[in-house]
Amino acid sequence: MVKTRRRGYGILLLTTLVLIGVMLVALSLGRYQLSFSELIATLTGQTSVSPVIHNIVFSLRLPRILPRPQLVPLSPSRGLPIRVFFKIP
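Residues numbered from 1 in each chain as written. Predicted model: local features only at pLDDT ≥ 70, side-chain atom pairs only at ≥ 80, totals over all residues. Heavy atoms only, no water.

Draft legend 1. Broad picture of the side chain of T42. Position of T42 among the secondary structure elements: in helix α2 (residues 36-44). When near neighbours in sequence (up to four residues on either side) are disregarded, T42 contacts V49, I53, H54, V57 and F58. (Helix = DSSP H or I, 4+ residues; strand = E, 2+ residues; numbered from the N terminus. Contact = heavy atoms within 4.5 Å.)

Set out below in structure tokens:
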């Protein structure tokens, strides 16, 4: 029982770290690519970052990336009412 719980926590920790890593990569990629140091400086609120980079991260990229992990599990359930209405198996 204890080994199963530890394994579950390990898997949860691993998936959380992977999710954070993917989100950091997604924040750094785009038309205006940001270096990892610029991204971390922006997210931690350091004043050495350009206001343009700050606006790109907080006005454009974060609002597009943050809702994704919450919406992905809902994707299969979106088609369910349509399948039930049209009696598609």
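From this point, things continue past the structure.
Draft legend 2. Structural context of the nonpolar core. If you look at the biggest cluster of nonpolar residues, it comprises 10 residues: M23, L27, L34, L39, A41, V49, I53, V57, L62 and I65. Every element with two or more residues in this core is listed here: α1 (2-28), α2 and α3 (51-65). Top element by residues in this core is α3. It accounts for four residues. Beyond its immediate chain neighbours, meaning those up to four positions away, L34 contacts L27, S28, L39, I53, V57 and R61. (Core = buried A, V, L, I, M, F, W, Y, C linked by side-chain atoms within 4.5 Å. Buried < 20%, exposed > 50% of the residue type's maximum accessible area, 1.4 Å probe, protein only.)

Draft legend 3. How the structure looks around the packing of α2 against α3. Look at α2 against α3: their axes get within 10 Å of each other, and the N-to-C directions meet at 80 degrees. When the interaxial angle is binned, α2 and α3 end up roughly perpendicular. For the pair α2 and α3, the contacting residues are E38, L39, T42 and L43 in the first and I53, H54, V57, F58 and L62 in the second. Along the lines of polarity and charge, the residues of the contact of α2 with α3 split into six nonpolar, two polar and one charged. (Axes fitted to C-alpha atoms, helices over the stretch in contact; angles between N-to-C directions. Parallel < 35°, antiparallel > 145°, perpendicular 65-115°, else oblique. Nonpolar A, V, L, I, M, F, W, Y, C, P; charged D, E, K, R; others polar.)

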